[in-house]
Amino acid sequence: MDRMASSMKQVPNPLPKVLSRRGVGAGLEAAERESFERTQTVSINKAINTQEVAVKEKHARTCILGTHHEKGAQTFWSVVNRLPLSSNAVLCWKFCHVFHKLLRDGHPNVLKDSLRYRNELSDMSRMWGHLSEGYGQLCSIYLKLLRTKMEYHTKNPRFPGNLQMSDRQLDEAGESDVNNFFQLTVEMFDYLECELNLFQTVFNSLDMSRSVSVTAAGQCRLAPLIQVILDCSHLYDYTVKLLFKLHSCLPADTLQGHRDRFMEQFTKLKDLFYRSSNLQYFKRLIQIPQLPENPPNFLRASALSEHISPVVVIPAEASSPDSEPVLEKDDLMDMDASQQNLFDNKFDDIFGSSFSSDPFNFNSQNGVNKDEKDHLIEQLYREISGLKAQLENMKTESQRVVLQLKGRVSELEAELAEQQHLRQQAADDCEFLRAELDELRRQREDTEKAQRSLSEIERKAQANEQRYSKLKEKYSELVQNHADLLRKNAEVTKQVSVARQAQVDLEREKKELEDSLERISDQGQRKTQEQLEVLESLKQELATSQRELQVLQGSLETSAQESMCQLAKDQRKMLLVGSRKAAEQMIQDALNQLEEPPLISCAGSADHLLSTVTSISSCIEQLEKSWSQYLACPEDISGLLHSITLLAHLTSDAIAHGATTCLRAPPEPADSLTEACKQYGRETLAYLASLEEEGSLENADSTAMRNCLSKIKAIGEELLPRGLDIKQEELGDLVDKEMAATSAAIETATARIEEMLSKSRAGDTGVKLEVNERILGCCTNLMQAIQVLIVASKDLQREIVESGRGTASPKEFYAKNSRWTEGLISASKAVGWGATVMVDAADLVVQGRGKFEELMVCSHEIAASTAQLVAASKVKADKDSPNLAQLQQASRGVNQATAGIVASTISGKSQIEETDNMDFSSMTLTQIKRQEMDSQVRVLELENELQKERQKLGELRKKHYELAGVAEGWEEGTEASPPTLQEAVTEKE
């Protein structure tokens, strides 16, 4: 308490004799400046004091008027800098209140003069933030709010201090850029968050169980909330409008954070407004609006019409208690004599001297008074004559200014039409860029699909690597067995060599014996007989050894041949078993993934399924032929292995395409297709298992597989999109036919326009003839631009076909790219149809039985169809192609022609309406009242019809998207919104 009392004594209240004279106009006199500074100093010191009472409105109003008088806030800051704001919290709180009012209602230069003190405000905010009791936290938060307000208005100079703007000014603040609107919304959220933080902190600091709003201390804290309520009402209104604008330009997912932040602030603001409206203090000063029960639904564009801007009303009698003059009696007594004389002199200059010219002053002589009175009358007559002359000059000058302004208005109208044309061009460029963005997104999706396919291939490669390692181990075992057999063969060969060596030895011994026989033949007959017997026995033994040697050689050769044949047979059998098991594993993996199909694109899955079924039928025939060749010649196994592997891959692809086809098919056909794919997989596994044993071709029956394939093919043909009913070979002829039909339609439309122009010149006159000629001339220009567009489109298509078909014919190229061809056909039909409808509408307008709005709608439809045709042609064209550049130039010509039709239609409609002005001069009061009531009834009827037509338009668009979705094969039952025109074109491509 002592510290608070000492701080209160430190507040200086005496008036300074000399104040700063920065920003003083050169025309102000020194006395007036001194009087102004003294008045401002008294008001500022009385508004910002240490008494815990609310700031008086009369003192704050004087400070605001002072900023407008000197066009700035130099005097305010020169006085505030002498106040001890850092030592007294109440003084700082009331300073924040007064400064907030100056930023809102003071001169715009208050912000510029206050920017140099931003750092001081931030330091003071941090200093008061350390004090958790009393006004410490309130001052800290209030100073942060003022700093945020200054920064916001510095970044957004289009916003005035009181935040009052029209919808057109709000659009100009964003400069028609969605990025600026996005950043502006974020800054408004930050600004509103600071306001709500101060709001909540003030309420938390009050004891709501007591009637604090009727006490002086409570009113001191609640008084600044009036400025906060005014700011919050505008910020809430602008935030809602900006969020609706952003949702019309950006996806809903991108703005999820904005919606969450808005919901939080909406709940707080609604609660604070409700609590404030129940306080007695605010009931006599301000009428606080109540927010709706439910927040706006930004996902529904029509909800903007249901939004009601909150309006804060300040009653006129709210400031009446404080409306007495600022200078009180004690202040007037402090004024010096010079200032009093200055006031007296001003009074005498305006009303004359109160003593010398008073007609009721009987102390003076009547003659003198009469002369002075006549002189004054003559002087007044002269002044009246001068004023009349000045009035005439002012009237003349005002007429000249009016003429200049009318000319300026005409220039601005022409500039506005040009800007609208440029905006339309920008919208067309935006659509074109959006198509390019969709193409880039599609390429990114294709890249992601390729990456997923690559990862799947890598996984399969790892599985094949494992199977290869197992086969390698088996092969190593076979090589080891072969080496053992070779070692046995070497041993047998060695035995044969030993036997041959024994035979050689026997022959040598025989020769030796024969030699010895010859030597001993002479020794006697007795020994001869014995030697002959021994020789005979040796010959028998030799013959026996030779026969055994031959038998041994034959058995050795037979065993070697059998070993080699068995080795080759085992190797072929191992390869066949490994290939069959790999195929069974691949098919089993596809069956396992049937319940949870991979995340691949469903577009064209039914086409791929049918083509895969056709390939499988050919593969089964090739497999049966390869199996017969293998049984006839076991050495030829390569064809059989290739057929088994190909069948496994095709079966896996068929099951995968069947699964993805089921994702977008109705429930019953999807279940039937899933069951058929499962049955086909089981039959394929059974067929491969029957190929295990040789000679089992009779048991390997493929009839069940073929039946399953027939069932899959029938279901897949039912699930084909209806757009594929046209035969592929007819697409090429259909493209040429549609282009020719479009050209013929354009020529017919041009001839009709010329005929209508001739009839109009023969039968119409005046303004109607001028309007009809201008509109029909613009229609003729449009038809010429469309003809140029069709010629450029044909050239570009011819270039695309020649560069992309290779050795194939144009019809084969169109059949291969059927979706792109169908998109091209659809775009060409749309252009021809739009031109025909526009000529019909122009005919009715010229005859006086049509509506100008129909011409405008037809022009927009032709521009959209042109964008569709350009996008369909561009998707397969080279970006550096000169034909593509010509097509884009022709598209811009069509857009310019449609813009000309719209401008001519609007101008002609306004001219005709000007000539049809009603004459009410002959009508009585009762008749005028009756006509007024009829007009009001008609206005209500038209508004009701407008609402019904908008609902009908929404239903028609919804039905159109549904039919387009069925034609394109979109999945039914999803909650996703239908694609836009550009997305539909991209899908066709």
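Procedures and definitions
- Counting restarts for each chain: residues are numbered from 1 in the order of the written sequence.
- For a predicted model such as this one, the threshold for reporting local features is a pLDDT of at least 70, and the threshold for listing and counting side-chain atom pairs is 80 or more; totals across whole chains, interfaces and linings nevertheless cover every residue.
- Working from all heavy atoms in the structure, the side-chain values ignore hydrogens and water.
- For the purposes of this entry, the term helix denotes a DSSP run of H or I that reaches at least four residues, the term strand denotes a run of E that reaches at least two, and both are numbered from the N terminus.
- What makes two residues a contact is simply this: any of their non-hydrogen atoms within 4.5 Å.
- Reported accessibility uses the Shrake-Rupley method at a 1.4 Å probe radius. Residues are deemed covered only where the shown protein chains occlude them.
- To qualify as a nonpolar core, a set must consist of buried Ala, Val, Leu, Ile, Met, Phe, Trp, Tyr and Cys residues joined through side-chain atoms within 4.5 Å.
- Only protein chains enter the accessibility calculation, which uses a 1.4 Å probe; a residue whose area is less than 20% of its type maximum is buried, one above 50% is exposed, and one in between is partly exposed.
- Note on geometry: axes are lines fitted to C-alpha atoms, helical ones only across the stretch in contact, with angles between N-to-C directions running from 0 to 180 degrees.
- Roughly parallel covers angles under 35 degrees, roughly antiparallel covers those over 145, roughly perpendicular covers 65 to 115, and oblique covers all other angles.
- Crossing chirality is assigned from the near helix's rotation relative to the far helix, an anticlockwise turn below a right angle marking it left-handed and a clockwise turn marking it right-handed.
- For this classification, the nonpolar set comprises Ala, Val, Leu, Ile, Met, Phe, Trp, Tyr, Cys and Pro, the charged set comprises Asp, Glu, Lys and Arg, and every other residue, Gly included, is treated as polar.
- To estimate how far a helix should reach, multiply one less than its number of residues by 1.5 Å.
- Pairing of N or O atoms within 3.5 Å defines a polar contact, subject to two protein rules: one partner must be a possible hydrogen donor and the other a possible acceptor, and residues neighboring in sequence count only if both atoms are side-chain atoms.
- The quantity known as pLDDT measures the predictor's confidence residue by residue, on a range of 0 to 100.
- The arc in question is formed by the directions pointing from the helix axis toward the C-beta atoms.
- When the centres of two rings from Phe, Tyr and Trp lie within 6.5 Å, Trp using its six-membered ring, the rings pair. Their planes under 30 degrees apart give stacked, over 60 give edge-to-face, and anything left gives tilted.
- Only residues above 30% relative accessible area that lack a salt bridge enter a patch, with like-charged residues linked at up to 9 Å and the nonpolar side chains Val, Leu, Ile, Met, Phe, Trp and Tyr linked at up to 5 Å.
- For salt bridges, the criterion is a side-chain nitrogen of Lys or Arg within 4 Å of an Asp or Glu carboxyl oxygen.
- Cysteine sulfur atoms are paired as a disulfide whenever they fall within 2.5 Å.

A look at the overall build of the protein
Moving on, step 1. If you tally the helices and strands in the protein, you get 30 helices and zero strands.
Moving on, step 2. Sequence separation of at least 24 residues holds for 79% of the intrachain contacts in the protein that already meet a minimum separation of 6.
Moving on, step 3. With the model as given, the accessible surface of the protein reaches about 58200 Å², and the carbon-plus-sulfur share is 53%.

Some remarks on the nonpolar core
Moving on, step 1. Counting residues in each nonpolar core, the largest one holds 92 residues, and the members touching the most others are Ile48, Phe76, Phe95 and Phe159.
Moving on, step 2. Examining the composition of this core, we find that 14 residues originate from one element, helix H12 (residues 225-247), more than from any other.
Moving on, step 3. Setting aside residues no more than four positions away along its own chain, Phe76 makes contact with Ile44, Ile48, Glu70, Phe95, Val98, Phe99 and Leu102.
Moving on, step 4. One finds Leu757, Leu789, Leu796 and Ala872 within the second-largest nonpolar core, a separate group that totals 47 residues.

Brief notes about the packing of H12 against helix H13 (residues 256-277)
Moving on, step 1. At their nearest, the axes of H12 and H13 sit 12 Å apart, and the two run at 150 degrees to each other. Considered as vectors, H12 and H13 are oriented roughly antiparallel to each other. The two elements H12 and H13 cross, and the hand of that crossing is left-handed. In contact with Ile229, Cys232, Ser233, Tyr236, Thr239, Val240, Leu243, Leu246 and His247 of H12, H13 contributes His258, Arg259, Phe262, Phe266, Leu269, Phe273 and Ser276.
Moving on, step 2. Class assignment for the residues of the contact of H12 with H13 results in 10 nonpolar, five polar and one charged.

Concerning helix H5 (residues 89-105)
Moving on, step 1. Look at H5: 24 Å from first C-alpha to last across 17 residues, which is about the 24 Å you get at 1.5 Å a residue.
Moving on, step 2. Burial within H5 is extensive, with 16 of its 17 residues counted as buried.
Moving on, step 3. With a side-chain oxygen lying 3.1 Å from the backbone nitrogen of Val90, the N-terminal cap of H5 falls on Asn88.

Quick notes on the confidence of the model for the protein
Keep in mind that low pLDDT regions are not for reading the predicted coordinates in detail.
Moving on, step 1. Confidence in the prediction of the protein, expressed as mean pLDDT, is 75, and 73% of residues score 70 or more.
Moving on, step 2. Every residue in residues 967-989 is under pLDDT 50, and counting partners more than four places away or in other chains gives 44 contacts.

Here's the deal with the environment of Phe203
Moving on, step 1. Its location among the elements puts Phe203 in helix H10 (residues 178-205).
Moving on, step 2. According to the relative accessible area criterion, Phe203 is buried, its value standing at 1%.
Moving on, step 3. Along the sequence, Phe203 and Arg221 sit 18 residues apart, while their C-alpha atoms lie 9.0 Å from each other.

Quick word on helix H9 (residues 167-174)
Moving on, step 1. For H9, the complete set of buried residues consists of Leu170, Ala173 and Gly174. Relative to the axis of H9, the buried residues are bounded by an arc of 95 degrees and lie together on one face.
Moving on, step 2. If you follow the buried residues of H9, they end up packed against H10 and H12.

What about the packing of aromatic side chains?
Here a ring pair, both rings aromatic, is described through the centre-centre distance and the interplanar angle of the planes.
Moving on, step 1. Counted under the stated rule, the structure contains 19 aromatic pairs.
Moving on, step 2. Through a chain of ring-to-ring contacts, the aromatic side chains of Phe76, Trp77, Phe95, Phe99 and Tyr117 assemble into a single cluster.

A look at unusual backbone geometry
Moving on, step 1. For Leu163, which is not a glycine, the phi torsion comes out positive at approximately 65 degrees.
Moving on, step 2. According to the relative accessible area criterion, Leu163 is buried, its value standing at 0%.
Moving on, step 3. Positive phi outside glycine occurs at Ser176, with the angle close to 55 degrees.
Moving on, step 4. For Ser176, the location among the structural elements is in the loop between H9 and H10.

Observations concerning a nonpolar patch on the surface
Moving on, step 1. A cluster of nonpolar side chains, contributed by Ile377, Tyr381 and Ile384, occupies part of the molecular surface with about 290 Å² of accessible area.
Moving on, step 2. When you line up the elements, Tyr381 lands in helix H17 (residues 366-520).

Some points on the packing of helix H2 (residues 30-47) against helix H3 (residues 57-70)
Moving on, step 1. Running from amino to carboxyl end, H2 crosses H3 at an angle of 145 degrees, the nearest separation of the two axes being 8 Å. Crossing handedness for the pair H2 and H3: left-handed. In this structure, H2 contributes Arg33, Phe36, Thr39, Gln40, Ser43, Ile44, Lys46 and Ala47 to the contact, and H3 contributes His59, Thr62, Cys63, Gly66, His69 and Glu70.
Moving on, step 2. The class makeup of the residues in the contact of H2 with H3 is four nonpolar, seven polar and three charged.

Points about the environment of Phe262
Moving on, step 1. Within the secondary structure, Phe262 is located in helix H13.
Moving on, step 2. Its relative accessible area of 2% is what places Phe262 among the buried residues.
Moving on, step 3. C-alpha of Phe262 to C-alpha of Pro295: the two residues are 33 residues apart in sequence and 8.9 Å apart in space.
Moving on, step 4. Leave out the neighbours within four places in its chain, and Phe262 touches Phe189, Tyr236, Thr239, Val240, Leu243, Pro295, Pro296 and Phe298.

Digging into the pattern of salt bridges
Moving on, step 1. One pass over the full model with this rule turns up 28 salt bridges.
Moving on, step 2. Of the charged contacts, one joins Lys241 and Asp167 as a salt bridge, the two residues approaching to 2.6 Å between their closest N and O atoms. Placement of the pair is Lys241 in helix H12 and Asp167 in helix H9, with a sequence separation of 74 residues.
Moving on, step 3. What makes Lys241 buried here is its relative accessible area of 19%.
Moving on, step 4. You can call Asp167 partly exposed: its relative accessible area is 44%.
Moving on, step 5. Note that Arg408 and Glu411 form a salt bridge whose closest N and O atoms lie 3.3 Å from each other. Of this pair, Arg408 and Glu411 both sit in helix H17, three residues apart, roughly one helical turn.
Moving on, step 6. The exposure class of Glu411 is partly exposed, given its relative accessible area of 48%.
Moving on, step 7. Each of Glu439, Arg442, Asp446 and Lys449 takes part in salt bridges that share partners, so that together they form one network.

Some details on the state of the cysteines
Moving on, step 1. Scanning the model with the defined rule gives zero disulfides in all.
Moving on, step 2. Left without a disulfide partner, Cys778 is nearest to the cysteine sulfur of Cys779, which lies 7.1 Å away.
Moving on, step 3. The exposure class assigned to Cys778 is buried, which follows from its relative accessible area of 14%.

Notes on the environment of Ile715
Moving on, step 1. By the secondary structure assignment, Ile715 is in helix H22 (residues 703-718).
Moving on, step 2. For the pair Ile715 and Leu610, spaced 105 residues apart in sequence, the C-alpha separation works out to 9.6 Å.
Moving on, step 3. Setting aside its immediate chain neighbours within four residues, Ile715 contacts Pro669, Ser672 and Leu673.

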